[in-house]
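Remarks on the overall topology
In case you want the letters, here they are:
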Amino acid sequence: MKRSLYLETSIWSRLLDSADLRKQRLTQSFVDAAALQCRILISPTVPAELRRTPGKEKRTLLLDRLWAARPEVATFGARAEEMALELLSAGRWKRSRFADMVHVAYTVLSGADALVTWDVDDLARERPRVVVHAFAVRRGLRAPLIGTPQEVGPWLGLKIR
Amino acid sequence: MAGSKDPVVAQVKRIRRKLSRKLMAAHRKGKLHEAMRALEREGIEALKEAGKRSKPARKRARA
């Protein structure tokens, strides 16, 4: 069975990052490898966030790149926001983290193997990993790995060129 | 939540903080479900528009 990866907005935004070409190329290789070897999952929140990217040309290109990757769009109705609120409470995070928790909730609800992000300041850190793992296990759900493409690739044995 | 040194992440976080404020305001009014569904519709519509844009490009590539 194919692995499934939830790619949150920072991954797609990175595809047009001209300031850090190393990360941009790494992300492109990761997305290409994931498209061949895994199911790529997003939530409708991803294109909704990309749609808020400043610069019409850039956001159009980002949405086109997202569409071209043919991700599966997961929807869970009210369960997503209910779980996001529970996650916020479980981690005692501020309300300003709610939108972060929406992505985590979609990842957990879709049973994805990993949440892939470039957010090393908040999401891809030890505490959120521990909190989300405990949260999912308590509910009998699959606990996703949370990490950057550099981390998730080797964790899942993805062959990235 | 301090600003990220990574400009890509910082941009996404700015967008997400605004969204969080909007959604939490809706939650206080008991309207979180409606706000989330509207956000979902917006995202799906944005993807559909991208799909429509790609059709002429694919036709050109096949020609």
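All values reported here derive from a predicted model rather than from experimental measurement.

1. Brief notes about the overall build of chain A
Counting its regular elements, chain A contains 8 helices and 5 strands. When its helices and strands are written in sequence order, chain A yields β-α-α-β-α-α-β-α-α-β-α-β-α. Dimensions of chain A, computed from C-alpha atoms along their principal axes, come out at roughly 40 × 35 × 25 Å. Among the 161 residues that make up chain A, the fraction classed as buried is 46%. A separation of at least 24 residues holds for 70% of the contacts in chain A among residues at least 6 apart in sequence.

2. Points about the sheet that holds strand 1 (residues 3–7) of chain A
Residues and elements named next belong to chain A. Judged by pairing direction, the sheet is parallel, and its 5 strands sit side by side in the order 3-2-1-4-5 without closing on themselves. Whereas interior strands pair on both sides, the edge strands pair on one side only; in this sheet they are strand 3 (72–73) and strand 5 (145–147). Relative to strand 5, strand 4 (residues 114–116) is paired through 3 bridges, and the arrangement is parallel. Bridge pairing in strand 5 links Ala 114 to Leu 145.

3. A short note on the environment of His 103 of chain A
Residue and element names in this part refer to chain A. Within the element layout of this structure, His 103 appears in helix 6 (residues 98–109). On the neighbour-count criterion, His 103 (27 C-beta atoms within 10 Å) is buried. When the C-alpha atoms of His 103 and Val 116 are compared, they prove to be 10 Å apart, with 13 residues separating the residues in sequence. Those residues in contact with His 103, other than ones at most four positions away along the chain, are Glu 8, Ser 43, Thr 45 and Leu 115.

4. Comments concerning helix 1 (residues 7–28) of chain B
All names here are of chain B. With 22 residues, helix 1 should cover 32 Å at 1.5 Å per step; its first-to-last C-alpha distance of 31 Å lies within 8% of that length. For helix 1, the complete set of buried residues consists of Val 8, Val 9, Val 12, Lys 13, Ile 15, Arg 16, Leu 19, Ser 20 and Leu 23. The buried residues of helix 1 occupy an angular sector of 165° when the element is viewed end-on, so they sit on one face. Note on helix 1: the residue one or two positions beyond its end, Gly 30, has a positive phi of about 75°.

5. Thoughts on the environment of Val 130 of chain A
By secondary structure assignment, the location of Val 130 of chain A is in helix 7 (residues 126–138). Between the alpha carbons of Val 130 of chain A and Gln 150 of chain A there is a distance of 19 Å; along the sequence they are 20 residues apart.

6. Quick word on the confidence of the model for chain B
For chain B, mean pLDDT is 90; residues scoring 70 or higher make up 84% of the total. If you check the scores for this complex, the pTM reads 0.94 and the ipTM reads 0.93.

7. Details of unusual backbone geometry
Residues and elements named next belong to chain A. With phi around 50°, Arg 70 is a residue other than glycine that occupies positive phi space. Looking at the element boundaries, Arg 70 is found in the loop between helix 4 (56–68) and strand 3. We note that Arg 92 has phi near 50°; this positive angle belongs to a residue other than glycine. For Arg 92, a count of 8 C-beta atoms within 10 Å gives the class exposed.

8. Remarks on the nonpolar core
All names here are of chain A. In terms of nonpolar packing, the biggest core is built from 57 residues, with Leu 5, Tyr 6, Ala 84 and Ala 105 touching the most fellow members. When residues in this core are grouped by element, the largest group, 9 residues, is from helix 6. If sequence neighbours within four positions are ignored, Tyr 6 has contacts with Leu 41, Ile 42, Tyr 106, Thr 107, Ser 110, Ala 112, Leu 115 and Val 116.

9. Some details on the packing of helix 2 (residues 21–37) of chain A against helix 8 (residues 149–156) of chain A
All names here are of chain A. Viewed as axis vectors pointing N to C, helix 2 and helix 8 meet at an angle of 35°, and their least axial separation amounts to 10 Å. Read as a crossing pair, helix 2 and helix 8 show a hand that is left-handed. Across from Leu 26, Thr 27 and Phe 30 in helix 2, the residues of helix 8 making contact are Pro 149, Gln 150 and Gly 153.

10. Looking at the pairing of strand 2 (residues 38–42) of chain A
Residue and element names in this part refer to chain A. For strand 2, the buried fraction is high: 4 of the 5 residues fall into the buried class. With 4 bridges joining them, strand 1 and strand 2 adopt parallel strand pairing. Looking across to strand 2, one finds that Ser 4 is bridged to Arg 39. Inspection of the sheet shows strand 2 paired to strand 3 by 2 bridges, in the parallel sense. Residue pairing in the sheet places Leu 41 in a bridge with Glu 72 of strand 3.

Cut-offs and rules
- Residues numbered from 1 in each chain as written.
- Chains lettered and ligands numbered in written order.
- Predicted model: local features only at pLDDT ≥ 70, side-chain atom pairs only at ≥ 80, totals over all residues.
- Helix = DSSP H or I, 4+ residues; strand = E, 2+ residues; numbered from the N terminus.
- Buried ≥ 20, exposed ≤ 12 C-beta atoms within 10 Å, placed from the backbone.
- Contact = placed C-beta atoms within 7 Å.
- Pairing = 2+ DSSP bridges.
- Expected span 1.5 Å × (residues − 1).
- Arc of directions from axis to C-beta.
- pLDDT = per-residue confidence, 0-100.
- Core = buried A, V, L, I, M, F, W, Y, C linked by C-beta atoms within 7 Å.
- Axes fitted to C-alpha atoms, helices over the stretch in contact; angles between N-to-C directions.
- Left-handed = near helix turned anticlockwise from the far one by under 90°.

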